[in-house]
Amino acid sequence: MPVYDVSNRSAIVTGGGSGIGRAVAQVLAASGASVLVADVVETAASAVVEEITAAGGTAAAFVGDVTDPAAIERMVAAAEAMAPLRIAVNNAGIGGESKPVGEYSDESWRRVIEVNLNGVFLGMRAQINAMVAHGGGAIVNMASVLGAVGIPNSSAYVTTKHALLGLTQNAALEYGEQGVRVTAVGPGFISTPLLDRNLSDDAKAALAAKHAMNRLGTPDEVAHLVAFLASDAATFITGSYHLVDGGYAAQ
Ligand code: NAI
């Protein structure tokens, strides 16, 4: 059931083929947006489009890597072909290897920075120009509660999520008067394929215990915050960082 009005516009969701991005794509589509589900994995993007279409929504799949500037330009054009681009959720992200700083490899450091930070910058640059041309829009960047605190053995990931908060604030300052709102979301640990790939059941139970609610979050619980921030219900919210973390950062 639609909760937030985001009709008459298109929305890009990067990393929309899995986990949090999939849930965001579904909620935005249910709320009236035409959603471009962008992912490097074609089958994942197409499966989400099928789910949205079966539920009566409008969506198209886009296959491309957020680190490729040419793909980003094509992504914006594909969204604009559906409806004016007025929402972008820069959600694609990777975890990187699990090592302390002294043992962290160049290769993993560079790839995590490339996807989680440079990919968001490239996306925002193209998205902002399209939104300014339409008189405004909303960008939501997927940071993490690890945008505010660290966690051992994830230096590249933590660095990128902290950096996204600065990028979010800067773009909000630069484009506020032109109607482009830019916010960041900080989920606690959410049960998604990203976590399943990287953590054992014991590690997940230990992480759950770090949340006041003693459980992991669900992708839907993040998606509803994102849809609110992206919608016209949030027109005085920009430059800010919003936790959805089950109390993780409260201690
Ligand atoms: P996921 O691994 O389930 O989904 C990520 C999607 O992004 C995948 O479909 C993947 O194919 C796609 N992707 C990866 N690299 C890409 C690239 N270069 N270009 C285009 N698409 C790409 O991950 P999850 O858990 O849904 O995470 C989504 C975002 O939420 C990430 O930015 C992550 O850092 C953030 N996040 C996740 C948390 C969690 O506990 N799962 C907690 C806080 C933040």
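Residues numbered from 1 in each chain as written. Predicted model: local features only at pLDDT ≥ 70, side-chain atom pairs only at ≥ 80, totals over all residues. Heavy atoms only, no water.

*Asks:* Sorry, what's going on with the overall build of the chain here?
*Replies:* Scanning the chain from N- to C-terminus turns up eight helices and seven strands. A globule of 251 residues ought to have a C-alpha radius of gyration of about 18 Å, and the chain, at 17 Å, matches this closely. For the chain, the spread of C-alpha atoms along the three principal axes comes to 45 × 35 × 35 Å. Here the analysis covers contacts within the chain between residues at least 6 apart in sequence; of these, 72% occur between residues at least 24 apart. Once the 14 positive and 23 negative side-chain charges of the chain are each reduced to a mean point, those two points are 2 Å apart. (Helix = DSSP H or I, 4+ residues; strand = E, 2+ residues; numbered from the N terminus. Rg over C-alpha atoms; globule rule 2.2 N^0.38 Å. Contact = heavy atoms within 4.5 Å. Lys, Arg positive; Asp, Glu negative; His and termini not counted. Charge placed at Lys NZ, Arg CZ, Asp CG, Glu CD.)

*Asks:* Where do I start with the site of the ligand in this structure?
*Replies:* As a structural note, the neighbourhood of the ligand is formed by 31 residues, with S18, D39, Y157, I190 and T192 the closest of them. Within the side chain of D65, a nitrogen or oxygen atom sits 2.9 Å from a nitrogen atom of the ligand. The backbone of N91 places a nitrogen or oxygen atom 2.8 Å from an oxygen atom of the ligand. Against a free-state accessible area of 830 Å², the protein chains account for coverage of 94% of the ligand. Ranked by residue count, the leading element in the shell around the ligand is helix α6 (residues 193–198), at four residues. Residue composition of the shell around the ligand, by class: 16 nonpolar, ten polar and five charged. (Near = heavy atom within 4 Å. Polar contact = N/O pair within 3.5 Å; in protein donor to acceptor, adjacent residues only side chain to side chain. Areas by Shrake-Rupley, 256 points an atom, 1.4 Å probe, with all protein chains shown as cover. Nonpolar A, V, L, I, M, F, W, Y, C, P; charged D, E, K, R; others polar.)

*Asks:* I keep staring at the sheet that holds strand β6 (residues 180–187) and nothing clicks. Help me out?
*Replies:* Strands belonging to one sheet form pairs held by backbone hydrogen bonds; the direction of such a pair is parallel or antiparallel. With respect to topology, seven strands assemble into an open sheet ordered β3-β2-β1-β4-β5-β6-β7, the strand pairing being parallel. Taken across any chain shown, the strands that pair with only one partner, and hence form the sheet edges, are β3 (58–63) and β7 (241–244). In this sheet, adjacent strand axes meet at a mean angle of 20° when their direction is disregarded. Bridge count for strand β1 (residues 10–14) against strand β2 (residues 34–39) is five bridges, and the pairing is parallel. (Pairing = 2+ DSSP bridges. Axes fitted to C-alpha atoms, helices over the stretch in contact; angles between N-to-C directions.)

*Asks:* Got a minute to help me understand the nonpolar core in this structure?
*Replies:* The nonpolar side chains of soluble globular proteins are, as a tendency, buried together. By size, the foremost hydrophobic cluster in this structure holds 33 residues, and its most contacted members are L28, V35, V37 and V185. Residue assignment for this core shows that the elements contributing at least two residues are β1, α1 (19–30), β2, α2 (42–54), β4 (85–90), β5 (137–142) and α8 (219–230). Beyond its immediate stretch of four places on either side in the chain, V35 contacts A11, V13, A25, L28, A29, T58, A59, A60 and M82. Counting 29 residues, the second-largest nonpolar core is a separate cluster that includes M75, A92, L122 and I128. (Core = buried A, V, L, I, M, F, W, Y, C linked by side-chain atoms within 4.5 Å. Buried < 20%, exposed > 50% of the residue type's maximum accessible area, 1.4 Å probe, protein only.)

*Asks:* Got a minute to help me understand the pairing of β3 in this structure?
*Replies:* Along a regular strand, successive side chains alternate from one face of the sheet to the other. Here β2 pairs with β3 via six bridges, running parallel. Residue pairing in the sheet places L36 in a bridge with A60 of β3.

*Asks:* Help me out: how do you make sense of helix α3 (residues 69–82) in this one?
*Replies:* For α3, built from 14 residues, the straight-helix expectation of 20 Å at 1.5 Å per residue is met to within 8% by its first-to-last C-alpha distance of 21 Å. Buried residues along α3 sit in contact with β1, β2, β3, β4 and α4 (106–133). A side-chain oxygen of the first residue of α3 lies 3.0 Å from the backbone nitrogen of A70; this N-cap is D68. (Expected span 1.5 Å × (residues − 1).)

*Asks:* Looking at this structure, how should I read the pattern of salt bridges?
*Replies:* By the definition in use, this model includes seven salt bridges. Between D65 and R111 there is a salt bridge, with its nearest N and O atoms 3.3 Å apart. Taken together, the residues D65 in the loop between β3 and α3 and R111 in helix α4 connect sequence positions 46 residues apart. On the basis of relative accessibility, which here comes to 38%, the residue R111 falls in the partly exposed class. Ionic pairing is found between D106 and R110, a salt bridge with its closest N-O pair at 4.0 Å. Taken together, the residues D106 and R110, both in helix α4 and four residues apart, mark about one turn of the helix. Taken individually, D106 and R110 each receive the classification exposed, so the pair is uniform in this respect. (Salt bridge = Lys/Arg side-chain N within 4 Å of Asp/Glu carboxyl O.)

*Asks:* It is not clear to me how the packing of α4 against helix α5 (residues 155–175) should be interpreted in this structure. Could you clarify?
*Replies:* Between two packed helices, what matters for the description is the angle formed by their axes and the separation of those axes. One can describe the packing of α4 onto α5 by two numbers: an axis separation of 9 Å at closest approach and a directional angle of 15°. One finds that α4 runs roughly parallel with respect to α5. Relative to α5, α4 is oriented so that their crossing is right-handed. Of the residues in α5, those touching α4 at W109, V112, I113, N116, L117, V120, F121, M124, I128 and V132 are S155, A156, Y157, T159, T160, K161, A163, L164, L167, A171 and Y175. (Parallel < 35°, antiparallel > 145°, perpendicular 65-115°, else oblique. Left-handed = near helix turned anticlockwise from the far one by under 90°.)

*Asks:* Sorry, what's going on with the side chain of R9 here?
*Replies:* Along the polypeptide, R9 turns up in the segment before β1. At 2.9 Å, the side chain of R9 forms a polar contact with the backbone oxygen of S7. Contacts of R9, omitting those with residues within four sequence positions, involve A33, S34, A83, P84, R86, I87, A230 and D232.

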